[in-house]
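Residue strings, one per chain:
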Amino acid sequence: MQTTDMLDLPRPKLEGGKAQVIACPMSDEQSEIQQKLVERYERIRSSKVDPREDNALAITTDGRKLALDARMLSPNAEDFPSSKINALVENVFAIWEKSAPTKGTQMIFSDIGVNPTSWGFSAYDEVTKKLIARGIPREQIVSIGEADSDAKKQALFEKVRNGSVRVLLGSTAKLGTGTNVQKRLVAMHHLDAPWKPAEVEQRDGRILRQGNQNAEVSIYRYVTEGSFDAYMWQALETKARFINQVMTGESGVRRAEDIGGRS
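The structure contained in this document is the topic of the report that follows.

Reading the values: rules and limits
- Residues numbered from 1 in each chain as written.
- Predicted model: local features only at pLDDT ≥ 70, side-chain atom pairs only at ≥ 80, totals over all residues.
- Heavy atoms only, no water.
- Phe/Tyr/Trp six-rings, centres within 6.5 Å; stacked < 30°, edge-to-face > 60°.
- Helix = DSSP H or I, 4+ residues; strand = E, 2+ residues; numbered from the N terminus.
- Buried < 20%, exposed > 50% of the residue type's maximum accessible area, 1.4 Å probe, protein only.
- Lys NZ or Arg CZ within 6 Å of the ring centre and 35° of its normal.
- Expected span 1.5 Å × (residues − 1).
- Polar contact = N/O pair within 3.5 Å; in protein donor to acceptor, adjacent residues only side chain to side chain.
- Contact = heavy atoms within 4.5 Å.
- Salt bridge = Lys/Arg side-chain N within 4 Å of Asp/Glu carboxyl O.
- Arc of directions from axis to C-beta.
- Axes fitted to C-alpha atoms, helices over the stretch in contact; angles between N-to-C directions.
- Parallel < 35°, antiparallel > 145°, perpendicular 65-115°, else oblique.
- Left-handed = near helix turned anticlockwise from the far one by under 90°.

**Considering the packing of aromatic side chains**
Geometrically, a pair of aromatic rings is defined through the distance of the ring centres and the angle of the planes.
Reasoning step 1: Enumeration over the complete set of coordinates arrives at 2 aromatic pairs.
Reasoning step 2: Geometrically, the ring pair formed by Phe93 and Trp96 is stacked, given 5.6 Å between the ring centres and 25° between the ring planes. Of this pair, Phe93 and Trp96 both sit in helix H4 (residues 84-98), 3 residues apart, which is roughly one turn of that helix. Here Phe93 and Trp96 have matching classes, each one buried.
Reasoning step 3: A centroid spacing of 6.4 Å and a plane angle of 85° characterise the contact between Phe228 and Tyr231, whose relative ring orientation is edge-to-face. In this pair, Phe228 and Tyr231 both sit in helix H9 (residues 228-248), 3 residues apart, roughly one turn of the helix.
Reasoning step 4: Taking the relative accessible area as the measure of exposure, Tyr231 reaches 45% and is therefore partly exposed.
Reasoning step 5: The ring centre of Trp195 lies 4.6 Å from the NZ or CZ of Arg64, which sits over that ring.
Reasoning step 6: Between Arg134 and the ring centre of Phe93, over which it is positioned, the NZ or CZ distance is 4.3 Å.

Shown next as structure tokens:
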């Protein structure tokens, strides 16, 4: 078996040699809700809760939502100026401006916040709205959900390749394997952490691949300090390292069990 590194294919270099982490502070509202999540977990550990009412998976899911934005869990939460979404918007806009001469394109991945909550908050809509407010034309920002057929997807991908669409948002499931838009990609943004190392690889593989005309590209990971983000990325790094050792033969292990669904 040959890994991508073994094949040494002509791919763009990654700025800094690795993904850049953009750490964002927690808001007071996020801290308060986080404490409630901790209390929920303590009740589960002391067996005071029926698993059908609450469980560790539900808490983890809420923790991931909270790490993205407090408004994912609370209809009364405010827009926090130092949030991940605001940090992302500033970074995407700066890169959009800088790469204008070559019509550089960018991808934003998030598996959370695709659809609006019952009170109407959607991370995708929020990012789009803020990018437009910063000055990026609406027609240059597209969510993969807007292309609801294979024909529309291929038409959209062609627009990204020719630079008429310069910001593409989507989830790992819809923008991972099979998305061939690397030609002008200059930056890729992880707004959330996916569940499995393979999903990180799928995301990164959209930009780190043959056919990208840029000699150097950037990958960013947005992390809310003190949230589930740090735990998720650390767990992903540990799993990825072990999987790589098995794949390359660096480890003496002959067999590995898929633990992705348990952790």
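**Details of H4**
Reasoning step 1: Between the first and last C-alpha of H4 there are 21 Å, a value that for 15 residues agrees with the 21 Å anticipated at 1.5 Å per step.
Reasoning step 2: For H4, the full list of buried residues reads Lys84, Ile85, Asn86, Leu88, Val89, Asn91, Val92, Phe93, Ile95 and Trp96.

**Description of the side chain of Gln182**
Reasoning step 1: Following the sequence through the fold, Gln182 ends up in the loop between helix H7 (172-175) and strand E6 (185-190).
Reasoning step 2: On the basis of relative accessible area, Gln182 is assigned to the buried category, the value being 8%.
Reasoning step 3: Within the structure, Gln182 has its side chain in polar contact with the side chain of Arg209 (distance 3.4 Å).
Reasoning step 4: Once residues lying within four places of it in the same chain are set aside, the contact partners of Gln182 are Arg206, Arg209, Gln210, Gly211 and Asn212.

**Let's talk about the pattern of salt bridges**
Reasoning step 1: A full pass over the atoms with the stated rule returns 18 salt bridges.
Reasoning step 2: One salt bridge in this structure joins Asp148 and Lys152, with 3.1 Å as the shortest N-O distance.
Reasoning step 3: Relative accessible area serves as the criterion here: at 59%, Asp148 is assigned to the exposed category.
Reasoning step 4: Given the relative accessible area of 46%, Lys152 is considered partly exposed.

**Observations regarding the side chain of Thr179**
Reasoning step 1: In this structure, Thr179 sits in the loop between H7 and E6.
Reasoning step 2: By relative accessible area, Thr179 is classed as buried at 2%.
Reasoning step 3: Among the polar contacts listed, one links the side chain of Thr179 to the backbone oxygen of Leu175, at a separation of 3.0 Å.

**Side note on helix H2 (residues 28-45)**
Think of an α-helix as 3.6 residues a turn; residues three or four steps apart then line up on the same face.
Reasoning step 1: A rise of 1.5 Å per residue sets the reference length of H2, with its 18 residues, at 26 Å; its end C-alpha atoms lie 26 Å apart and thus fit the reference within 8%.
Reasoning step 2: Every buried residue of H2 is listed here: Gln30, Ile33, Gln34, Leu37 and Arg40. The buried side chains of H2 occupy one side of the element, clustering within an arc of 110° when seen end-on. Of the residues in H2, the exposed ones pointing more than 90 degrees away from the buried face are Asp28, Glu32 and Lys36.
Reasoning step 3: The first or second residue beyond H2 is Ser47, which carries a positive phi of 60°.

**Quick notes on the packing of H4 against helix H5 (residues 123-134)**
Reasoning step 1: H5 packs onto H4 with a crossing angle of 45° between their chain directions and a minimal axis gap of 10 Å. When the axes of H4 and H5 are compared, the pair comes out oblique. The way H4 lies across H5 gives a crossing that is right-handed. Judged by residue contacts, Ile85, Asn86, Leu88, Val89, Glu90, Val92 and Phe93 of H4 engage Ala123, Glu126, Val127, Lys130, Leu131 and Arg134 from H5.

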